[in-house]
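What follows is the residue order along each chain.
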Amino acid sequence: MVFAAPNEALARAQGVLESDPSPWRASVAHQVIGIWQRDWGDIRLALHHLRRARDLAARAQDPDREGDVLATLGVALIHSGRTRQGLEALERGVLVSSGHNRARVLYRRAYASWVLGRHRESLEDVRRAIPVLRQAEDVIWTARALTLRATVHLAVGAVDRADADFAAAEALWDTTGQEHEKADIVESRGLAAFQQGDVPVALRLFDEAEEQYAKLGTPSFMLYIRRCGVLMAAGLASEALAEADAAIGVLDGIGGQPTRKAELLLVAARAARLANDPHTAIARAALAVRLFAGQRRPWWEAHARLVLIEARLAAGRGSGRLVADAAAVAEKLASFGAPAAPEASLLAGRIALGLGWTADAERHLAVAARSRHSGPPLARMTGWAAQALRARAAGSGRGVLEACRRGLDVLDDHRMTLGASELRARATAQGAELAALAQQASLDSGGPRRLLMWSERWRATVLSAPPTRPPADPALLGSLTAFREIARRAAEARSDGRPIPALEREQRRLEREIRSRTLHIRGDAPGAEDHFDVGHLLSRLGEVRLVELAVLDGRVQVLLCGGGRVRRFEAGLLADAEVEAEHVQAGLRRLAHPGAEARLPLVEEMGRRLEELLLGPAAAQLGSGPVVVVPPGRLHSVPWALLPSLRERVLSVSPSASSWLRARETEPPRGNRHVLVRGPGLATGGAEVPELAGLYGGPAVPTLLEHEDARVPRVLEEIDGATLAHIAAHGTFRADSPLFSSLRMADGPLIVHDFERLDRSPYRIILSSCDTARLASVGADELLGLVTALLPLGTAGVVASSAPVNDHAVVPLMLALHKGLSAGLSLAEALRDARAALPGDALHQATGWAFTAFGAA
């Protein structure tokens, strides 16, 4: 009962102890309380009750009862970090028990060996136990043993064997009422899905298991550990770190198992390293190493040492000693058959290369490279990264490019199994090293065309295919509706100055629920993307000049495309450009308010400095035609129209050259349908919208949505497949969760997740309010936000602002913009002319610079 209905079992056991039981019955009751405390409570109380159960079993003079309690006690001692005492108790349990009961004790010893990382010993014991348990028709314990054997198979990389055992165990669990262990098998199947590279299924199964644990009131710290591993693989390292640290806090609060604390510290160390926080990673990993060593768990200790070495290297502590340490860890992991062994060999080789120890590096990298042909996607990428480093050390540029191509192909296939655009974007971080190696090899070969090709190979790849459309999930739709209502109520309360902690808590809960459901979406079949063709780009540019900015070793490389060729220029340092861009943003914010006219010359001077840093000598080679700028993700906030050489041009911005090509070749929908939307609370009341309604005539008479008509479901219905949508609504950018960036409608926020439900987003869309073009840079070179959500869904052009703007100054800009569109101009042409038509004062000039045309429509 303790695993079928844990809290009821605890109450029943306490009731037995209050009824003057016999030693045998009291032993059972204390054992149940000990199991409950061991797994979900205070490990010290668990040991107290289990020792009492052992003593009572001895008084009852029942060897099988004593052996059973000794097995439970042994597991608890190991979880408390007293490995020697725990193994002694388990050995004694095996000796005193017999037959069917001994098989149950062997299962417990196998479990203890798995906790300790002694996988061969664990498999040996569980293989001895299973035939006896089956012969005795002991369904529950047979299912437990099969589940454990599957879990051990996963630990050593035998995924197919694990699948077979999980399937057999699940069939048995379905015949029982063991609800906690049914949840455990769901969790374990999630782990198996992850190891096979299926992140969405893993996250869905983990969430299902968590729901079942919550119903039972039993926290599962192993679930937290496993889910953190999946979050890290999906590029969500900061979230994994927060979850691991929170779980450690809960565990410490209840006096829980030190073994689980050590494992959570290891997970937190990995997450901190991936989140570029090496000092936190060092602190967590060093403590994990000490705990694992004290618990006599060498398999786990080796994994913690690997993370500790990685973190020390990230903190700039590379040394010959670190090479030796990484090599020793690689050897130890290989002796355990651990799938992480190639990572350690790659690490040793990478450090050796940095020290100039080429012979040592080749030896370690050759070992790591063996993993490139088999195993899960991330293991194969490790192998290809090692192969690329080997080729670079040998001076083979062709070998570097081939290894990078093969490795990124593996990651492409993996990425396309992810349906959520957020997961696709963040997963690209796994390929950042391969992309950088390929770009450097291309630069060394002196070919700007090749550098352009590799710059495109890993730039804005998420936009190369639309995200998988969310299913018609009633629960997801219900959560979106509830989120909108709560967010609306919270906004009203804030404006009234009322406290809203309860509303904020509910809003955060609904956000987690929506995000969780969208992360479960599986992607389409691999291989859905087209590869970039430089020749095709050049043939389509015509009079346009495309400026793609690549960053190598911190310096901006300008690739100027047009006139049938690609030329390379070297500009300034990316870090300097980022600082200057922040100053420009601050300047534009000041200019959005009356009375800041004196700052206009200062902002214009910032624009000149930005041009030197970002374009360098290429600025003088742009010609007189239209320009398309393709910046790296970290420069998404630059107001490009402020740069002197771009200020009076037809100018558009695109996340990648491939994205611009797709936008250029996108056909507008039939019907020439226009939609104008006016949201609540604007300072001008969206004054341009009524005037725009009279601007278009004939078949293009627009649909006007305002007041109560401007509700999210109606807005989505009308803009789906429209030729042009103009939305005047407050924009809110969420840096913490960019897919919850929103536009304020009458019934609450219209978020990115809503746009992703469209069959086809508008061919052209104009967002006339503040911050609608702000984006979050994630992964290798990806952007998340409103604009990038629209581009893969059929939108060929967007006009939006990357800075706060003055609502009153926006009105004449928008009217002039639409005047140009009605005359047949593109968005970029119309925006250029609209800027020129504005008054020359600082307020209107800053407003014009804040808006950018994206895409090619």
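Before reading further, recall that the structure is shown in the block above.
Bear in mind the structure is a predicted one, so any value in this text is a computation, not a measurement. Note on numbering: residues in each chain are counted from 1, in written sequence order. Local features are withheld for residues below a pLDDT of 70 in this predicted model, meaning they are given only at 70 or higher, and side-chain atom pairs are given and counted only at 80 or more; totals for whole chains, interfaces and linings count all residues. Heavy atoms throughout the structure, all of them, feed into the side-chain values; hydrogens and water do not.

Engineer: Please explain the environment of alanine 58 as it appears in this structure.
Structural biologist: Residue placement: alanine 58 occurs in helix 3 (residues 43–60). Overall, the relative accessible area of 41% leaves alanine 58 in the partly exposed class. Placed eleven residues apart in sequence, alanine 58 and valine 69 show a C-alpha to C-alpha distance of 9.9 Å. Secondary structure elements follow DSSP: runs of H or I of four or more residues count as helices, runs of E of two or more count as strands, with numbering from the N terminus. Type-normalised accessible area, obtained with a 1.4 Å probe on protein chains alone, sets the label of each residue: buried when under 20%, exposed when over 50%, and partly exposed for intermediate values.

Engineer: Teacher, can you tell me more about helix 8 (residues 139–155) here?
Structural biologist: Along an α-helix, residues three or four positions apart point the same way, because every turn accommodates 3.6 residues. Expected span of a helix, by definition, is 1.5 Å for each gap between consecutive residues, and there is one gap fewer than residues. Helix length check: helix 8, at 17 residues, gives a terminal C-alpha distance of 25 Å against a target of 24 Å (1.5 Å per residue), a fit within 8%. For helix 8, the tally of buried residues reaches 15 of 17 residues, placing the bulk of the element in the interior. Looking one or two residues past helix 8, glycine 157 carries a phi angle of roughly 85°, positive in sign.

Engineer: Where do I start with the packing of aromatic side chains in this structure?
Structural biologist: Aromatic ring pairs: the centre-centre distance and the angle between the two ring planes describe each pair. Here a Phe, Tyr or Trp ring, Trp counted by its six-membered ring, pairs with any other such ring whose centre lies within 6.5 Å, and the pair is stacked when the planes are under 30 degrees apart, edge-to-face when over 60, and tilted otherwise. As enumerated under the stated definition, the model contains seven aromatic pairs in all. Plain terms: the ring middles of phenylalanine 3 and tryptophan 40 are 5.9 Å apart, the flat faces sit at 70° to each other, and that makes the pair edge-to-face. Linking phenylalanine 3 in the segment before helix 1 (6–17) with tryptophan 40 in helix 2 (residues 23–40), this pair joins segments that are 37 residues apart in sequence. When sorted by exposure, phenylalanine 3 lands in the same class as tryptophan 40, which is buried.

Engineer: Looking at this structure, how should I read the side chain of histidine 79?
Structural biologist: Looking at the element boundaries, histidine 79 is found in helix 4 (residues 63–79). The term polar contact refers here to a pair of N or O atoms within 3.5 Å; inside protein, the definition further demands a hydrogen-donor-capable atom paired with an acceptor-capable atom, and it admits residues adjacent in sequence only when both atoms are side-chain atoms. A polar contact of 2.5 Å, which involves the side chain of histidine 79, links it to the side chain of threonine 259. The contact criterion used is simple: two residues touch if any of their non-hydrogen atoms lie within 4.5 Å. With near-sequence residues (within four places) excluded, histidine 79 lies in contact with Arg38, Ile43, Tyr111, Val115, Gln257, Pro258, Thr259 and Arg260.

Engineer: Just checking my understanding: could you explain unusual backbone geometry for this structure?
Structural biologist: Trans is the common state for peptide bonds, and a negative phi is the common state for residues other than glycine. Residue aspartate 20 is not a glycine yet carries a positive backbone phi of 55°. One can find aspartate 20 in the loop between helix 1 and helix 2.

Engineer: Teacher, can you tell me more about the nonpolar core here?
Structural biologist: Across soluble globular proteins, nonpolar side chains show a tendency to be buried alongside one another. Throughout, nonpolar core names a set of buried Ala, Val, Leu, Ile, Met, Phe, Trp, Tyr and Cys residues whose side chains join them through atoms within 4.5 Å. Among the nonpolar cores identified, the biggest contains 130 residues, and Leu148, Leu264, Leu333 and Cys404 are the most heavily contacted of them. Leave out the neighbours within four places in its chain, and leucine 148 touches Tyr107, Ala110, Tyr111, Trp114, Ser122 and Val126. Core analysis: the next-biggest nonpolar cluster, separate from the first, contains 88 residues, Val547, Val584, Val787 and Ala842 among them.

Engineer: I would appreciate a short explanation of the pattern of salt bridges in the present structure.
Structural biologist: Side chains carrying opposite charge are able to pair once their charged atoms draw close together. Here, a salt bridge means any side-chain nitrogen of Lys or Arg that lies within 4 Å of a carboxyl oxygen of Asp or Glu. One pass over the full model with this rule turns up 45 salt bridges. For arginine 363, the salt bridge is made with aspartate 360, and the minimal N-O distance between the two is 3.1 Å. In this pair, arginine 363 and aspartate 360 are both assigned in helix 19 (residues 358–369), three residues apart and thus about one turn of the helix distant. Classification of arginine 363 as partly exposed rests on a relative accessible area of 47%. In this structure, a network of salt bridges that share partners links the residues Glu91, Arg109, Asp125 and Arg128.

Engineer: Explain the pairing of strand 12 (residues 764–767) to me, please; I cannot follow it from the model alone.
Structural biologist: Each regular strand carries side chains that alternate between the two faces of the sheet. Of the two faces of strand 12, both are covered, the one formed by Arg764 and Ile766 as well as the one formed by Ile765 and Leu767. A pair of strands counts as paired when DSSP detects no fewer than two bridges linking them. Direction of pairing for strand 8 (residues 724–728) relative to strand 12: parallel, over a ladder of four bridges. Note that in strand 12 the partner of histidine 726 across the bridge is isoleucine 766. Bridge count for strand 12 against strand 15 (residues 797–801) is three bridges, and the pairing is parallel. Residue pairing in the sheet places isoleucine 765 in a bridge with valine 798 of strand 15.

Engineer: Looking at this structure, how should I read the sheet that holds strand 9 (residues 731–732)?
Structural biologist: Note: strands within a sheet are paired through backbone hydrogen bonds, in either parallel or antiparallel orientation. The antiparallel open sheet is built from three strands, whose spatial order is 9-10-11. With partners counted over all chains shown, the strands left at the sheet margins are strand 9 and strand 11 (748–751), one partner each. One ladder, built from four bridges, connects strand 10 (residues 742–745) with strand 11; its direction is antiparallel. The residue of strand 11 that forms the bridge with leucine 743 is leucine 750. A fitted line through C-alpha atoms represents every axis, and for helices the fit uses only the stretch in contact; the resulting angles, taken between N-to-C directions, go from 0 to 180 degrees. Across the sheet, helix 32 (residues 712–719) lies against strand 10 and strand 11, angled at about 35° from strand 11, the strand it touches most.

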